[in-house]
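Secondary and tertiary structure notes
Single-letter residue listing:
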Amino acid sequence: MNIPQDNVDPDRTMILVRELHKSFGDIHAVNGISFEVKRGETYGLLGPNGAGKTTTMRMLSALSPASSGHIEVGGIDVTEHGREVREILGVVTQHDGHDSGLTVLQNLTLHGYLEGLSKSQAKERAMEVLTFFGLEERASANVYELSGGMKRRLAISRALLTQPSVVVLDEPTTGLDPQSRNRVWEQLAVMKRAGVTVLMSTHYMEEAATLCDRLSIMDHGRILDEGAPDELVERHAGEEVAQVRTRSDAVLEQLRERLAGTPYRLNEVGALVTISSDNGHRPDISDIDGVRVTYRPGNLEDVFMVLTGRELRDE
Ligand SMILES: Nc1ncnc2c1ncn2[C@@H]1O[C@H](COP(=O)(O)OP(=O)(O)O)[C@@H](O)[C@H]1O
Ligand SMILES: [Mg+2]
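Residues numbered from 1 in each chain as written. Chains lettered and ligands numbered in written order. Predicted model: local features only at pLDDT ≥ 70, side-chain atom pairs only at ≥ 80, totals over all residues.

Take the overall build of the protein chain next. The number of helices and strands found in the protein chain is 10 helices and 14 strands. Expressed as a percentage of its 315 residues, the buried residues of the protein chain come to 40%. A fraction of 70% describes how many contacts in the protein chain between residues 6 or more apart in sequence connect residues 24 or more apart. (Helix = DSSP H or I, 4+ residues; strand = E, 2+ residues; numbered from the N terminus. Buried ≥ 20, exposed ≤ 12 C-beta atoms within 10 Å, placed from the backbone. Contact = placed C-beta atoms within 7 Å.)

On domain assignment, one finds that the protein chain holds domain 1 (13–232) and domain 2 (238–298). Here the C-alpha centroids of domain 1 and domain 2 sit 39 Å apart. (Domains from an automatic or database assignment.)

The next point concerns the sheet that holds strand β2 (residues 27–38). Read from one edge of the open sheet, 4 strands run β2-β1-β4-β5, paired in antiparallel fashion. Looking at strand neighbours, the two that pair on one side only are β2 and β5 (76–77), the edges of this open sheet. Summarising the sheet, strand β1 (residues 13–24) and β2 pair through 9 bridges and their orientation is antiparallel. Across the sheet, S23 pairs through a bridge with H28, a residue of β2. Of the strands in this sheet, β1, β2 and β4 (68–73) touch helix α1 (residues 53–60), which is tilted by about 120° from β1. (Pairing = 2+ DSSP bridges. Axes fitted to C-alpha atoms, helices over the stretch in contact; angles between N-to-C directions.)

Quick look at the nonpolar core now. Judged by nonpolar contacts, the single largest core of 75 residues is most densely connected at V73, V167, V168, V198, A208 and L300. Counting residues per element, this core draws most heavily on helix α10 (residues 300–308), at 5 residues. Formed jointly, this core draws a minimum of three residues from each of two domains, domain 1 (13–232) and domain 2 (238–298). The residues contacting V198, other than those within four sequence positions of it, are T42, Y43, V167, L169, L188, M191 and K192. (Core = buried A, V, L, I, M, F, W, Y, C linked by C-beta atoms within 7 Å.)

Within a regular beta strand, the side chains point alternately toward one face of the sheet and then the other, so they alternate between its two faces. Burial of the side chains of strand β6 (residues 89–92) extends over both faces: L89 and V91 are buried on one face and G90 and V92 on the other. Summarising the sheet, β6 and strand β7 (residues 166–170) pair through 4 bridges and their orientation is parallel. Bridge assignment links L89 to a residue of β7, and that residue is V166.

For the rest of this paragraph, the subject is the environment of A194. Turning to its location among the elements, A194 is positioned in the loop between α6 (178–193) and β8 (197–202). Since 14 C-beta atoms lie within 10 Å of it, A194 is described here as partly exposed. Separated by 154 residues in the primary sequence, A194 and G40 have C-alpha atoms spaced 8.3 Å apart.

Running from N to C, helix α8 (residues 229–236) and α10 point in directions that differ by 50°, and their axes come no closer than 9 Å. In terms of axis orientation, α8 runs oblique to α10. You can see that α8 and α10 cross each other, and the crossing is left-handed. Together, P229, L232, V233 and H236 of α8 and L300, V303, V306 and L307 of α10 make up the contact between the two elements. Within the contact of α8 with α10, the residues separate by chemical class into 7 nonpolar, 1 polar and no charged. (Parallel < 35°, antiparallel > 145°, perpendicular 65-115°, else oblique. Left-handed = near helix turned anticlockwise from the far one by under 90°. Nonpolar A, V, L, I, M, F, W, Y, C, P; charged D, E, K, R; others polar.)

Attention now moves to the site of ligand 1. Close to ligand 1 lie F24, I27, A29, G47, N49, G50, A51, G52, K53, T54 and T55, which account for all nearby residues. Mapped onto the shell around ligand 1, the elements with two or more residues apiece are β2 and α1. Take the shell around ligand 1: its biggest share by element is 3 residues, from α1. (Near = placed C-beta within 6 Å.)

So, about unusual backbone geometry. Despite not being glycine, A62 shows a phi value in the positive range, around 60°. One can find A62 in the loop between α1 and β4. Its 22 C-beta neighbours within 10 Å are what place A62 among the buried residues.

Now for the environment of G52. For G52, the position within the fold is in the loop between β3 (42–46) and α1. Here the alpha-carbon distance between G52 and K22, two residues 30 residues apart in the chain, equals 9.0 Å. The residues touching G52, leaving out its near neighbours within four places in the chain, are A29, V30, M218 and G221.

Taken in spatial order, the 4 strands line up as β12-β13-β11-β14 in an open sheet, and their pairing is antiparallel. The open sheet terminates on both sides in strands that have one partner only, identified here as β12 (264–269) and β14 (293–297). Averaged over neighbouring strand pairs, the angle between their axes works out to 25° when direction is ignored. Most of the contacts of α10 go to strand β13 (residues 272–277), to which it runs at about 85°, and overall it touches β11 (240–245), β12 and β13.

Right, here's the structure in full:
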């Protein structure tokens, strides 16, 4: 599929966000965030519900004005030239709006037509996109027959119809079962190989770790840290973390005492205690009686926990 590339500068910044703020009355939904996305990168905003991800994406897509700050997409100032920005941007919102009386192909064709293609161009483009994503056999299925996962994939296909150089995806797999999630991930991988620049939000750490070249950890309208998934894990959680399932308060108390004043950090979620070490190495707590310790690699969930003291999931 033909993705427009200007070939001028492979390091070109496609998204630039500086000191962006958005308030709703007293709520600082986005509270001074800055980040950049280079061409061809997949960049994630990882954070729980209410972190400010959707608000950020809406401002970036010129769907909602910023309270203050600066945003550029493809070198175009979003505040000044919202319409031009929407022309180079594909947007997949958190809830897809499909016309459910139509077939998949009709839905895409109608969308292309509304975006300014001629009817025959729209149809040609629609078939191209369906083939690109291996969805051509679903072209004549009615939209209401599609599973949740297929609807998401149709929404992503639709965003690519107008050959955007930047695609914004708000929680592309929220609410999907693991198998459908995998299919969406495959679709996003195809898009990435084609050189599309992607900004996506998610509250699934596994999704962020799998798809994103770099990401921001967001909470309460702020970016807590930014980096490649591995870098973030190394910086905050370490290569390996220890886990202990505490069977009694006495064991938990013993564990807390043992770890006080050590370079180990302890995070308690119910009966499950996760221990990470400042130097990133495997924490050694083998000398505590009656405690069975298991070890696993650190992950972005641990990073969020270390940075906020809370769990990322299921707020
Ligand atoms: N239109 C709005 N009016 C008032 N508050 C809003 C509005 N949109 C979002 N918010 C608030 O802004 C904060 C961030 O929301 P949102 O950007 O939707 O977060 P996320 O997408 O990360 O879940 C939340 O506290 C939310 O309640
Ligand atoms: Mg949201």
